[in-house]
Amino acid sequence: MSQVWAQKLIDDTLEKLCEDGFGIEGLGVFSKQGRLVAHNFGDPKVTDEQAEVIAALLLFAKHAKEALRIGTLEELHIEGKKRSLLLYDMQNGVLAVMVGREANIGLVNLETRQAIKQIDEWLSLPA
């Protein structure tokens, strides 16, 4: 499978997750180094700095998890007044999910974790 085809599959998966009605407002896939792979946050511009911050947030959460011995990191949940951001660690990247206040986090987690397996596999394809 080509990298172009894998990119299309990732884009389609992100779009489907947003359309499923669980309160997901946008998603982004980032490399561990903080490079944007794909997104549909609505705003067409995700800056390099924003991508780096997302990757760094997950890295800091992993360090805190190890220091506090809380076990495997499931997700990093950042709750704001308008919406929340969920960060999921993948073998080959980071998935960022923005959800509205009405989102059912349990359903978001279930659907997202199923999609992560495929996205992670597609990210591992050689360039």
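Here, the structure is the one placed above.
Counting of residues starts from 1 at the beginning of each chain's written sequence and follows it residue by residue. Totals for whole chains, interfaces and linings use all residues, but because this is a predicted model, local features are given only for residues with pLDDT of at least 70 and pairs of side-chain atoms are given and counted only at 80 or more. Water and hydrogen atoms play no part in the side-chain values, which are based on all heavy atoms of the structure.

### Structural notes on the sheet that holds strand S1 (residues 24–30)
Strands are treated as partners if at least two bridges between them are detected by DSSP. Put simply, DSSP H or I for four residues or longer makes a helix, DSSP E for two residues or longer makes a strand, and each gets a number counted from the N terminus. Read across the open sheet, the 5 strands follow the order S2-S1-S5-S4-S3; overall the sheet is antiparallel. Here the strands that pair on one side only, and so sit at the sheet edges, are strand S2 (36–39) and strand S3 (76–79). For this sheet, the mean angle separating the axes of adjacent strands, direction not counted, is 15°. One ladder, built from 6 bridges, connects S1 with strand S5 (residues 93–100); its direction is antiparallel. When the sheet's bridge partners are listed, Leu27 is paired in S5 with Val97. Sheet strands in contact with helix H1 (residues 3–19) are S1, S2 and S5, and its direction is about 155° off that of S1. Contacting S1, S2, S3, strand S4 (83–90) and S5, helix H3 (residues 105–123) runs over the sheet at an angle of about 40° to S4. Fitting a line to C-alpha atoms yields each axis, with helices limited to the stretch in contact; the angle taken between N-to-C directions then spans 0 to 180 degrees. Contacts are assigned to residue pairs with any non-hydrogen atoms lying within 4.5 Å of each other.

### Some details on the nonpolar core
Generally speaking, soluble globular proteins have nonpolar side chains that are buried together. Think of a nonpolar core as a cluster: buried Ala, Val, Leu, Ile, Met, Phe, Trp, Tyr and Cys residues, connected wherever their side-chain atoms sit within 4.5 Å. Accessible area is worked out with a 1.4 Å probe on protein chains only. A residue is then buried under 20% of its type maximum, exposed over 50%, and partly exposed in between. Ile10, Leu14, Val29, Leu95, Val97, Val108 and Ile119 are the most contacted members of the largest nonpolar core, which has 23 residues in total. Those elements giving two or more residues to this core turn out to be H1, S1, S4, S5 and H3. With 6 residues, H3 is the single largest residue contributor to this core. The contact partners of Ile10, leaving out residues within four places of it in the chain, are Val29, Val37, Ala38, Ile119, Trp122 and Leu123. Counting 12 residues, the second largest nonpolar core, distinct from the first, contains Phe30, Ile54, Leu85 and Ala96.

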